[in-house]
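# Summary of the model geometry
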Amino acid sequence: MNYKIALIRGDGIGPEVVNEAVGVIDAVAAKFGHTVEYVDVLMGGCATDAVGVSYPEGTAEKCRACDAVLLGAVGGPKWGPDKPAQQRPETALLAIRKDLGLYANLRPAMLRPAMADASPLRKETAERGIDLMMVRELTGGIYFGKRDKYQTEDRGMEATDLMAYSEKEIERVGRRAFELARLRRGKVSSVDKANVLETSRLWRSVMHRLSEEYSDVEYEDVLVDNCAMQIVRDPGQFDVLVTENMFGDILSDEASMVTGSIGLLPSASIGDSAPGLYEPIHGSAPDIAGQDKANPIATILSAAMMFRYSFQKAAEADAIERAVDAVLAQGARTPDIAKPGDEVVGTREMGRRIREAIESAK
Ligand code: NAD
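Reading the values: the criteria
- Residues numbered from 1 in each chain as written.
- Predicted model: local features only at pLDDT ≥ 70, side-chain atom pairs only at ≥ 80, totals over all residues.
- Heavy atoms only, no water.
- Core = buried A, V, L, I, M, F, W, Y, C linked by side-chain atoms within 4.5 Å.
- Buried < 20%, exposed > 50% of the residue type's maximum accessible area, 1.4 Å probe, protein only.
- Contact = heavy atoms within 4.5 Å.
- Pairing = 2+ DSSP bridges.
- Helix = DSSP H or I, 4+ residues; strand = E, 2+ residues; numbered from the N terminus.
- Near = heavy atom within 4 Å.
- Polar contact = N/O pair within 3.5 Å; in protein donor to acceptor, adjacent residues only side chain to side chain.
- Areas by Shrake-Rupley, 256 points an atom, 1.4 Å probe, with all protein chains shown as cover.
- Nonpolar A, V, L, I, M, F, W, Y, C, P; charged D, E, K, R; others polar.
- Domains from an automatic or database assignment.
- Buried area = accessible area lost by both parts, 1.4 Å probe.
- Salt bridge = Lys/Arg side-chain N within 4 Å of Asp/Glu carboxyl O.

### A few points about the nonpolar core
L70, L106, Y278 and I354 are the most contacted members of the largest nonpolar core, which totals 62 residues. Setting aside chain neighbours within four positions, we find L106 in contact with M133, M134, V135, L180, S267, A268, I270, M305 and Y309. A126, L132, F238 and A255 belong to the second largest nonpolar core, which has 18 residues in total.

### Considering the pairing of strand β9 (residues 218-223)
Where a strand is regular, its side chains alternate between the two sheet faces. Direction of pairing for strand β8 (residues 187-192) relative to β9: parallel, over a ladder of six bridges. Across the sheet, V191 pairs through a bridge with V222, a residue of β9.

### What about the site of the ligand?
The full set close to the ligand counts 19 residues, and G76, E90, G283, A285 and N295 are the nearest of them. The separation between an oxygen atom of the ligand and a polar main-chain atom of V74 is 2.9 Å. One of the side-chain N or O atoms of D287 is found 2.9 Å from an oxygen atom in the ligand. Here the ligand, which alone exposes 800 Å², has 67% of that area covered by the protein. Residues that form the shell around the ligand fall into these classes: nine nonpolar, six polar and four charged.

### Quick look at the domain arrangement of the chain
In many analyses, interface size is given as the accessible surface area lost on bringing the parts together. Annotation of the chain at the domain level lists domain 1 (1-100 + 274-362) and domain 2 (109-259). Each of domain 1 and domain 2 was reduced to a C-alpha centroid, and the two centroids are 25 Å apart. Every contact between the two is made by 13 residues of domain 1 and, on the other side, nine residues of domain 2. The junction of domain 1 with domain 2 conceals about 940 Å² of combined surface from both sides, 69% of it contributed by carbon and sulfur atoms. If you sort the residues of domain 1 by the area they bury against domain 2, R97, Y309 and D325 come out on top, with a joint share of 38%. One can count one salt bridge joining domain 1 with domain 2. Its salt-bridge partner being D117, residue K339 comes within 3.2 Å of it at the nearest N-O pair. For the pair domain 1 and domain 2, the number of links is one residue pair in polar contact (both at pLDDT 80 or more).

### Some words on unusual backbone geometry
A positive phi angle, close to 40°, is found at A285, a residue other than glycine. Mapped onto the fold, A285 is located in the loop between β12 (276-280) and α10 (297-310). The phi angle at D292 is positive, at roughly 60°, despite the residue not being glycine. The class of D292 is partly exposed, set by a relative accessible area of 24%.

### A short note on the environment of I354
Within the fold, I354 resides in helix α12 (residues 347-360). Separated by 26 residues in the primary sequence, I354 and L328 have C-alpha atoms spaced 9.3 Å apart. For I354, the contacting residues outside a window of four places in its chain are V24, I297, I300, A323, V324 and V327.

Right, here's the structure in full:
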């Protein structure tokens, strides 16, 4: 196959980690007989510096002309909150998700076997394993609802944020969750606050309808407060978790942290039509940018998700994930995940070893 991938290298460590992921994509493509063409897309603080805005005109069109988008990270203190919105990198992130119609955010939280001791959870809990997929609704709910702030007569200022969800918005992300569960261990846990919120009651009714349709998938409702507890008590019980935007924002960070390092965790944002957007969950880490210290694994695993979900190439995705596990098992660690006595390697060396593990795998 021939794949066309848009590269948004971005700011800070973004270009460094994307470089290593590109090397890995090339290695896996060569092994499996694919060709890959890359299209560089300027977005983020670097775009503000180059052309005056973080989301230059034509960014979404360039991405739409590709099969998938790989993003490093955008942002940094240079383009802080004091800058006008069109110069801020965060504006570009929200805009690209909206313009590409990326309504489902997939964040796997997995404790890689060689990293079991990095989890802050109790040893016996971590040893039971963590391998869950958080599916977060990304373009609706309270983050996109009507907001207001006004003066009252007797209570000072008052502010309001509206949380709204339609059946259509719930159903499309719900279907994604059930379909993912079929590819994994066959269980969906839908997270809501149906004992309080009307949006949650609608969410639950749509999920129940879908669970009848996907009767081969095990289904449960979990209240969001209980879910937050269960993620630290026994995350191994979860396979696919699906939830609305704000609950997902909070729970996906919690689920990430129980696995140890943000330098290891990938993500995908997908919609109904190509291209999906693949990116590490971490930011641009300006504190270590340009020092060959960044962990490239989260971006490399994002490339694995790209093969799995955008290209439907599970063997290629498996090859990348196995290579990462092999290199970690051999003991190589970037500084963020190293303990005293570990062999510490830089960004480029970690990338090189993973490429080599792909090339030498049978
Ligand atoms: P961050 O994730 O960039 O960094 C947090 C800490 O983790 C830092 O100490 C950093 O050195 C470390 N870290 C992050 N990724 C690492 C990696 N791959 N290897 C080794 N260490 C790593 O979060 P932050 O400091 O809150 O944000 C920095 C900038 O990134 C901000 O401008 C923020 O807006 C932006 N940001 C962008 C995205 C994105 O592009 N999707 C996401 C989050 C934050």
